[in-house]
Amino acid sequence: MTIHELARSADYIVQHEYEQARVKAADGRHASLGEFYGDPAVALIDVNEQWCAVAGEGLVLCRLGEKFGLCQAYYRQPGETVWITDLRQTGAFALEWRGEDGAWHSLAFEAAVSGYAPRR
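## Observations regarding the overall build of the chain
- A count of helical and extended segments in the chain gives 0 helices and 12 strands.
- Its C-alpha atoms put the chain at 40 × 35 × 20 Å along the principal axes.
- When the 120 residues of the chain are sorted by exposure, 41% land in the buried category.
- Considering only contacts in the chain between residues 6 or more positions apart, those separated by 24 or more positions represent 36%.
- Accessible surface, the chain as shown: approximately 6,500 Å² in total, 48% of it carbon and sulfur.

## A word on the packing of aromatic side chains
- Within this structure, the stated rule accounts for 6 aromatic pairs.
- Taking 6.2 Å as the distance between ring centres and 20° as the angle between the ring planes, the aromatic pair formed by Y12 and F68 counts as stacked. Here F68 lies in the loop between strand 7 (58-63) and strand 8 (71-74) and Y12 lies in strand 2 (residues 12-17), a separation of 56 residues in the sequence.
- The buried category is assigned to Y12, whose relative accessible area is 7%.
- The exposure class assigned to F68 is buried, which follows from its relative accessible area of 17%.
- Centroid distance F93 to F109: 6.2 Å. Interplanar angle 85°. Geometry classified as edge-to-face. Taken together, the residues F93 in the loop between strand 9 (84-91) and strand 10 (94-99) and F109 in strand 11 (residues 104-112) connect sequence positions 16 residues apart.
- Through a chain of ring-to-ring contacts, the aromatic side chains of W51, F93 and F109 assemble into a single cluster.

## Quick notes on the sheet that holds strand 3 (residues 20-25)
- Across the sheet, 4 strands lie side by side as 1-2-3-4; this open sheet has antiparallel pairing. The two strands at the open ends of the sheet, each matched to only one other strand, are strand 1 (4-8) and strand 4 (30-35). Neighbour-to-neighbour, the strand axes of the sheet open up by a mean angle of 20°, direction not taken into account.
- With 5 bridges connecting them, strand 3 and strand 4 associate as antiparallel partners.

## Quick notes on the nonpolar core
- V14, V23, L33, C52 and V54 are the most contacted members of the largest nonpolar core, which has 17 residues in total.
- The set of elements that each furnish at least two residues to this core consists of strand 2, strand 3, strand 4, strand 5 (42-45), strand 6 (51-56) and strand 7.
- The dominant element in this core, judged by the number of residues it contributes, is strand 3, at 3 residues.
- Every residue in contact with V54, bar those within four places of it in the chain, is listed here: L6, V14, A21, L33, F36, P40, V42, A43, L59 and V60.
- If you look at the next biggest cluster of nonpolar residues, it comprises 15 residues, including V42, L59, Y74 and L107.

## Section: the sheet that holds strand 8
- Taking strand neighbours across the sheet as the criterion, the 4 strands line up as 5-6-7-8 in an open arrangement whose pairing is antiparallel. Every other strand in the sheet has two partners, leaving strand 5 and strand 8 as the edge strands with one partner each. Mean inter-strand twist for the sheet, computed between neighbouring axes without regard to direction, equals 15°.
- One ladder, built from 6 bridges, connects strand 6 with strand 7; its direction is antiparallel. Residue pairing for strand 7: W51 is matched across the bridge by R63.

About the criteria used
Residues numbered from 1 in each chain as written. Predicted model: local features only at pLDDT ≥ 70, side-chain atom pairs only at ≥ 80, totals over all residues. Heavy atoms only, no water. Helix = DSSP H or I, 4+ residues; strand = E, 2+ residues; numbered from the N terminus. Buried < 20%, exposed > 50% of the residue type's maximum accessible area, 1.4 Å probe, protein only. Contact = heavy atoms within 4.5 Å. Areas by Shrake-Rupley, 256 points an atom, 1.4 Å probe, with all protein chains shown as cover. Phe/Tyr/Trp six-rings, centres within 6.5 Å; stacked < 30°, edge-to-face > 60°. Pairing = 2+ DSSP bridges. Axes fitted to C-alpha atoms, helices over the stretch in contact; angles between N-to-C directions. Core = buried A, V, L, I, M, F, W, Y, C linked by side-chain atoms within 4.5 Å.

Put into structure tokens, the structure is as follows:
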């Protein structure tokens, strides 16, 4: 089995093995980021190591640090799936994602007690 690295920071690695993505911490903790139809395409780790994101068939955001492993999925509901090809961080709790059509879209979110919640 081959493990592919999608993103790396000083303390975290986002990787996948086939369709299963996970994040691993330098201290040995690890959390599942879920299964993706097709391999995950891209990932990023927040510059402050507060969260990470993995995308392909939709997007999954996951807490790092103190609330390690709390995750929230976006754009993965049946009939509303978005295929994401690229990510870039735009703020402490904001990112942009590029869809198959090449257009960039914004997603702002904020830390919540139970994980992440979209900012409306």
